[in-house]
Amino acid sequence: MDKVKAMKQQLIAIITIITLALLSHNVKAQYVLKQADEQYNLYNYTKAAELYEKAYKKDQTLYTAEHLANSYRLTRNYLEAEKWYVTTIAFPKSKPDNLLKYAEVLKNNLKYADAKTQYTKYYTISPAVDQKQLKLWIASCDSAMKWIKNPVWVNIKNEQVLNTVESDWGAVKYNDAVVFTSDRENKAEAEAAKKNRPFIKFDGLSGIDKRIYGWTGNKYLNLYQQQNGATTADAIKPFPFIAGTDYHIGAASFTADGAEMYFTLTRLPNSKIKDTARIKTIKLDVYSSKRSSANGAWEKPVPFAFNKEDVYSVGDPFITPDGKALYFASDMPGGLGGTDIYYCERMADGNWAWPVNVVTVNTPANERTPFLDTDGTIYFSTDGDKGMGGLDIFKAAKQGRSFGPKKNLGFPINSAQDDFAYVLIDGTKGYLSSNRMGGTGSDDIYSFAPIPVATYHLEGIVFDKNTRKPIANSIVTLTRPKGVLAKVQTNEAGEFNFMLNENSDYQLKGEKTGYLTDNLKTFSTVSLAPSETIKRNLYLEKIELQKAIRIDNIYYDLDKYDIRPDAAKELDKLIKILKDNPTIVIELGSHTDSRADDDYNMVLSRKRANAAVDYILTEGSIDEDRIIARGYGETRLVNRCANGINCSEAAHQLNRRTEFTIVKY
């Protein structure tokens, strides 16, 4: 009886320890989740995503997955957002709205056919959705696929000298310089900040950080300039004027004579600081400055007559070259919804007339960054009309005192992400800004110009690697010289084509949801005969979840688990697969043969699996959440060579293997 009593006491003690451990684990998980929620509610989505990732590892809930997906979407990390929306909608009680957001993110990732499917599915579970809106979503996907297959013959070039890993946008010509907006690190001026959000949000209890903008984790926006002919990043300098704010400055526009400038600015009224009860919203203002004729310096900024930062925002100013009209974007009362484009005319006394809503171009969503060319045609961006995803650039010709029908500028002017701040320099060339894939950082500045007559034609077919059947609606990316991207979508026969320039090197990449990406090595038009057709096919391997794929030539020294140089070469190939397919999650399993003790083999295989995973994480900079290490010892032999069976060395070698299995994509 004493033994029984002792065993019961030991069991109670073990249960108590396990219970305390679980409670401690849950407390830690709840604490991390609370921190994540605090950052999320303060609109610090970059930090929130980091914390939600930690919380999800401790407790995999719908709430955490949903907030992770939203955090990545709001910071425009669409690949990660897609991965987490897939996780989110798999939960039984996931809201229909998550399906809608998933469809939008698919559009942002150029997966228009998949997005159409999700829009339709969303309608089946939310039949109350506006039919007009549903048709617009579906039509946008159809139009995007059409535009990609029939691109505009324009060359889009990433202006790498102007761009950083942060946000760079809104380039305009000013005398012999290019003036633009950036939230890059500025050692000379600690203030700066991040773009593309109409509001600044902050915690009234702790105040605003004058160095970091919480939404993005970057500096605040400021104006910079590149002198004509400068070819290095060191030649980029802050634009020489004092705006009088510690926060966002950007979106500048100049008159033709360079004597007057309009720009967007955010400032913190003293009255706002006193109210610390809740999160505040700081609206945007437009200010102007004149250049002194005496010394050439910019004078003290003057607020635009219709600023009202306690009620609405005014931003994205465009002053016409003659200075007689000012166009801008605003969410002032009486608009069609979101931010609308307005204009004011300058009266004889120099004051501005009442703002006029440009009704013919505005939608219930958001319009931004107006620009007028010499013919009076207006160019602007909107996310409220038929487009490729995010903000698309449109134009509308001048008709009397208003504008005619809108026209989407098509692909590749527009992309699956945000495209805005379109300006013309000489009628055919100019700048635009975009956070499209393949850029240097967040938002980048691109130049555009008509493509000269192409000399070569590239054509090919995307095949299923195993069935050899063509794959329709796959995305093929052509990397042009200097990293400029062009994308097309294959037709029903899996066909694609591009026009190529002479004496240039190219690379091809094929992608399709549910398939592993295929990258084709560099090919060239150097020394080819004029008008020659180049044929290149791509082969995508269909992903089979939970199917083990052997990694050849992963060998270890006897009783060792260190990664040898020959094994490292093979693991580098796996790193490439993970980088080419940024949404897949894999399990890496290590196996031994049956010789030696079973427990010893299990421990050894786990050490080998962990060593291989550590190599991949360290050398490939792969997110640790995308790869799981498993040691199986001798539990999964591929042949009969179990304990006590006499087998050849070659037969035992078949069991000593490393495999990876795709568990999620």
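Note that the structure is predicted; figures quoted are calculated from it, not measured.

## Observations regarding the nonpolar core
Here's step 1: Within the largest apolar cluster, 62 residues are counted, with the highest numbers of intra-cluster contacts made by Tyr112, Tyr119, Leu478, Phe498, Leu500 and Leu508.
Here's step 2: Broken down by element, this core gets its largest block of residues, eight residues, from helix 7 (residues 131-149).
Here's step 3: With sequence-adjacent residues up to four places away left out, Tyr119 is seen in contact with Leu100, Ala103, Glu104, Lys107, Leu134, Trp137, Ile138 and Cys141.
Here's step 4: Among the nonpolar cores identified, the runner-up in size contains 48 residues, and Ala171, Ala252, Tyr431 and Ile445 belong to it.

## Description of the pairing of strand 12 (residues 314-319)
Here's step 1: Burial runs high along strand 12: six of the six residues are buried.
Here's step 2: Relative to strand 13 (residues 325-330), strand 12 is paired through four bridges, and the arrangement is antiparallel. Bridge pairing links Phe318 to Tyr327 in strand 13.
Here's step 3: Linking two consecutive strands that pair antiparallel, namely strand 12 and strand 13, is a turn of five residues; a positive phi of about 75 degrees is found at Gly323 within it.

## Regarding the sheet that holds strand 2 (residues 168-174)
Here's step 1: With antiparallel pairing, the four strands of this open sheet are ordered in space as 2-3-5-6. What marks the edges here is a single partner per strand, and that holds for strand 2 and strand 6 (236-238). With strand direction ignored, the average angle separating the axes of adjacent strands in the sheet is 30 degrees.
Here's step 2: Bridge analysis of strand 5 (residues 222-227) against strand 6 gives three bridges, and the strand direction is antiparallel. Each bridged residue has a counterpart across the sheet, and for Gln226 the counterpart in strand 6 is Ile236.

## Thoughts on the pattern of salt bridges
Here's step 1: For the structure on display, the rule yields 28 salt bridges.
Here's step 2: Among the salt bridges present, the one from Arg595 reaches Glu649, with a minimum N-O distance of 3.1 Å. On the criterion of sequence distance, the pair formed by Arg595 in the loop between strand 35 (585-591) and helix 10 (598-620) and Glu649 in helix 11 (residues 649-655) is long-range, its members being 54 residues apart.
Here's step 3: What emerges from the salt-bridge pattern is a single network uniting Asp593, Arg595, Glu649 and Arg656.

## A closer look at the sheet that holds strand 29 (residues 505-511)
Here's step 1: The four strands lie next to each other as 27-26-29-31, forming an open sheet whose pairing is antiparallel. Of all the strands in the sheet, just strand 27 (485-489) and strand 31 (518-524) have a single pairing partner and so form its edges. Within the sheet, the average angular offset between the axes of one strand and its neighbour, ignoring direction, is 20 degrees.
Here's step 2: The sheet contact formed by strand 26 (residues 475-479) and strand 27 spans five bridges and is antiparallel.

## A look at the environment of Phe496
Here's step 1: Tracing the backbone shows Phe496 in strand 28 (residues 495-500).
Here's step 2: Each C-alpha atom of the pair Phe496 and Ile461 lies 6.1 Å from the other, and the pair is 35 residues apart in sequence.
Here's step 3: Beyond its immediate chain neighbours, meaning those up to four positions away, Phe496 contacts Leu458, Glu459, Gly460, Ile461, Val462, Val476, Val488, Thr490, Leu508, Arg536 and Leu538.

## Concerning the environment of Leu432
Here's step 1: Considering the arrangement of structural elements, one finds Leu432 in strand 23 (residues 430-434).
Here's step 2: Put simply, Leu432 and Lys157 are 275 residues apart on the chain and 10.0 Å apart in space, counted from C-alpha to C-alpha.
Here's step 3: Here Leu432 is in contact with Ile156, Ile393, Ile413, Phe420, Ala421, Tyr422, Asp444, Ile445, Tyr446 and Phe448, once residues within four sequence places are set aside.

## Concerning the state of the cysteines
Here's step 1: Counting across every chain of the model gives one disulfide.
Here's step 2: In this model Cys641 forms its disulfide with Cys647; the gap between the sulfur atoms is 2.2 Å. Taking the torsion about the S-S bond as the criterion, the Cys641 to Cys647 disulfide, at about -105 degrees, is left-handed.
Here's step 3: Residue class for Cys641 comes out buried when judged on its relative accessible area of 2%.
Here's step 4: Of the residues examined, Cys647 reaches a relative accessible area of 16% and is grouped as buried.

## A look at the packing of helix 9 (residues 565-580) against helix 10
Here's step 1: The contact between helix 9 and helix 10 brings their axes to 10 Å, and the two run at 60 degrees. By the angle class used here, helix 9 and helix 10 are oblique. In terms of crossing hand, the pair formed by helix 9 and helix 10 is right-handed. Across from Ala568, Leu571, Asp572, Leu574, Ile575, Leu578 and Lys579 in helix 9, the residues of helix 10 making contact are Ala612, Tyr615, Ile616, Glu619 and Gly620.
Here's step 2: Considered class by class, the residues forming the contact of helix 9 with helix 10 number eight nonpolar, one polar and three charged.

## A word on the side chain of Asp419
Here's step 1: Secondary-structure assignment places Asp419 in strand 22 (residues 419-424).
Here's step 2: Using a relative accessible area of 0% as the deciding quantity, one classes Asp419 as buried.
Here's step 3: Within the local environment of Asp419, its side chain forms a polar contact with the backbone nitrogen of Ser415, the two atoms lying 2.7 Å apart.
Here's step 4: At 2.8 Å, the side chain of Asp419 forms a polar contact with the side chain of Arg436.

## Describing the pairing of strand 17 (residues 378-382)
Here's step 1: The element strand 17 is largely enclosed, with a buried count of five among its five residues.
Here's step 2: Burial of the side chains of strand 17 extends over both faces: Ile378, Phe380 and Thr382 are buried on one face and Tyr379 and Ser381 on the other.
Here's step 3: With four bridges joining them, strand 16 (residues 367-372) and strand 17 adopt antiparallel strand pairing. When the bridges of strand 17 are listed, Arg368 appears paired with Ser381.
Here's step 4: Hairpin connection, strand 16 to strand 17: the antiparallel pair is bridged by five residues, and Gly376 has positive phi, about 90 degrees.
Here's step 5: In terms of strand pairing, strand 17 meets strand 18 (residues 392-396) through five bridges, oriented antiparallel. The partner of Ser381 across the bridge, within strand 18, is Ile393.

Scoring rules and cut-offs
Residues numbered from 1 in each chain as written. Predicted model: local features only at pLDDT ≥ 70, side-chain atom pairs only at ≥ 80, totals over all residues. Heavy atoms only, no water. Core = buried A, V, L, I, M, F, W, Y, C linked by side-chain atoms within 4.5 Å. Buried < 20%, exposed > 50% of the residue type's maximum accessible area, 1.4 Å probe, protein only. Helix = DSSP H or I, 4+ residues; strand = E, 2+ residues; numbered from the N terminus. Contact = heavy atoms within 4.5 Å. Pairing = 2+ DSSP bridges. Axes fitted to C-alpha atoms, helices over the stretch in contact; angles between N-to-C directions. Salt bridge = Lys/Arg side-chain N within 4 Å of Asp/Glu carboxyl O. Disulfide = S-S within 2.5 Å. Parallel < 35°, antiparallel > 145°, perpendicular 65-115°, else oblique. Left-handed = near helix turned anticlockwise from the far one by under 90°. Nonpolar A, V, L, I, M, F, W, Y, C, P; charged D, E, K, R; others polar. Polar contact = N/O pair within 3.5 Å; in protein donor to acceptor, adjacent residues only side chain to side chain.

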